[in-house]
Amino acid sequence: MAGAGNVLPMPVRTGSVIEICEVGPRDGFQIEKRFIPTERKIEIVNGLIDAGLKKIQVTSFVSPRAVPQLADAAEVLAGIEKKPGVILTALVPNARGAERAAETQLDIMGLFCSASEAHSRKNVNASIDETLARFPPVVEIARAAGKRVQGGVATAFGCPFEGDVPPQSVVRIARFYRDLGIVDLNLGDTTGMATPTTVRAVLAALREAVPEMKVTLHFHNTRGVGLANVMVGLSEGVYRYDSSIGGLGGCPFAAGATGNICTEDLVYLLEESGYETGVDLERLIDVAKRTEAVLGHELPGQVMKAGPRLTRHGVDAVSTAAG
């Protein structure tokens, strides 16, 4: 008899509820060079909640010197009007960050470790082993404060410095998280190197080694296949996805990093494919446009520009060709 890790994946059935975690306030804002006022960040997060998003990665408790844009992490969390059922998450790289996060209304502390040595040293100035060694104290602090912990793997589908990342490098980190009692696993496509083939390969390796892990897929759209990879994830039985308002995003410590898959585009794709998201697309588009205005530059999201498929336009809105 085959073991649990050898069971074939079951595709996610249409009609199923897909969990979307909005990461724009962290992954998107961190790369903006102009400081976004704290009150504007809070307004955007509250708008996302009002649009129906139930899980939001609000910020990161990294060193303010490393990412000045997120220096107001505690202040932003304090200003959010959290509704029942809403889950707030943040990245927490070390014990010092965990102690700050423990005092907030945060629900989940997110750990992250690169599967690539080169990216790890560039991103957190530490090797993979050194990074993993920082995590047990963070888990202790989180649990003492009643917070859940999620384990993240950056460059899970490829590294801009090293190229292909073997699936076993991802498995190694996932096993470390599992041994800490963590079952939530986030796979980060840091610079949009994921393809349908690499997504299937990594998920297959994880099913074999750590079938108990609950996977979230975090795709970037750097090469235009982010939503195609979502469809592959659905076919592989993954229910949980990260996305970013307006398509914001990008790692400031990785060459070639561009935006995450766009939340409005993802919601549109899922709803049109027969899945449920619980998100009001029209309200979400409004938040995307407000975010664009706050940032002062165009965002790459497409549905925010075109509207849903059945959006009607007056016939006089389009010029008639000359006879």
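Just so it is clear, the structure is predicted and the values come from calculations on it, not from any experiment. Per chain, residues are indexed from 1 in the order of the written sequence. Note on the predicted model: pLDDT of at least 70 is required for a residue's local features to be given, and 80 or more for side-chain atom pairs to be given and counted; whole-chain, interface and lining totals, by contrast, use all residues. Only hydrogens and water are set aside when side-chain values are computed; all heavy atoms of the structure are taken into account.

## So, the nonpolar core
Nonpolar core, defined: a set of buried Ala, Val, Leu, Ile, Met, Phe, Trp, Tyr and Cys residues in which side-chain atoms within 4.5 Å join the residues together. For each residue, the accessible area found with a 1.4 Å probe, counting protein chains only, is set against the maximum for its type, and the residue is called buried under 20%, exposed over 50%, and partly exposed in between. Grouped together as the largest cluster of nonpolar side chains are 86 residues, with contacts concentrated most on Y177 and L187. Sequence-distant contacts of Y177, that is, excluding residues within four places in its chain, are made with L111, F112, C113, F135, G151, G152, V153, I182, L185 and M213. Contact definition: two residues touch when any of their heavy atoms are within 4.5 Å.

## Regarding the environment of R200
Every helix listed is a DSSP run of H or I at least four residues long, and every strand listed is a run of E at least two residues long, numbered separately from the N terminus. Along the polypeptide, R200 turns up in helix 9 (residues 196-209). For R200 and S235, which are 35 residues apart along the polypeptide, the C-alpha to C-alpha distance reads 9.5 Å. When near neighbours in sequence (up to four residues on either side) are disregarded, R200 contacts V232 and E236.

## A short note on the side chain of K55
Note on placement: K55 falls in strand 2 (residues 55-60). Using a relative accessible area of 6% as the deciding quantity, one classes K55 as buried. Polar contact is the term for a pair of N or O atoms within 3.5 Å; when the atoms are in protein, one must be able to donate a hydrogen and the other to accept it, and sequence-neighboring residues count only if both atoms are side-chain atoms. At 3.2 Å, the side chain of K55 and the side chain of E19 are in polar contact. Those residues in contact with K55, other than ones at most four positions away along the chain, are E19, I20, C21, E22, I87, T89, I108 and Q150.

## Thoughts on the side chain of D265
Take D265: it is sitting in helix 11 (residues 263-272). The buried charged residue D265 lacks any salt bridge partner; its closest oppositely charged side chain belongs to K305, at an N-O distance of 7.7 Å. Separated by 3.3 Å, the side chain of D265 and the backbone nitrogen of Q302 make a polar contact. For D265, the contacting residues outside a window of four places in its chain are L227, G301, Q302 and V303. Charge convention: Lys and Arg are scored as positive, Asp and Glu as negative, and His as well as the terminal groups of each chain are ignored. Whenever a carboxyl oxygen of Asp or Glu lies within 4 Å of a side-chain nitrogen of Lys or Arg, that contact is scored as a salt bridge.

## A few points about helix 12 (residues 281-295)
To estimate how far a helix should reach, multiply one less than its number of residues by 1.5 Å. For helix 12, built from 15 residues, the straight-helix expectation of 21 Å at 1.5 Å per residue is met to within 8% by its first-to-last C-alpha distance of 21 Å. Listed as buried for helix 12 are L281, L284, I285, V287, A288, T291 and L295. Viewed end-on, helix 12 has its buried residues packed into an arc of 160°, placing them on one side of the element. Opposite its buried face, helix 12 presents the exposed residues E282 and A293, each directed more than 90 degrees away. Of the surrounding elements, those touching the buried residues of helix 12 are helix 2 (38-50), helix 11 and helix 13 (303-306). Capping of helix 12 at its N-terminal end is provided by D280; its side-chain oxygen lies 3.1 Å from the backbone amide nitrogen of E282. Where helix 12 ends, the next residue or the one after it, G296, has phi of about 80°, a positive value. Arc definition: it is the arc formed by the directions from the helix axis to the C-beta atoms.

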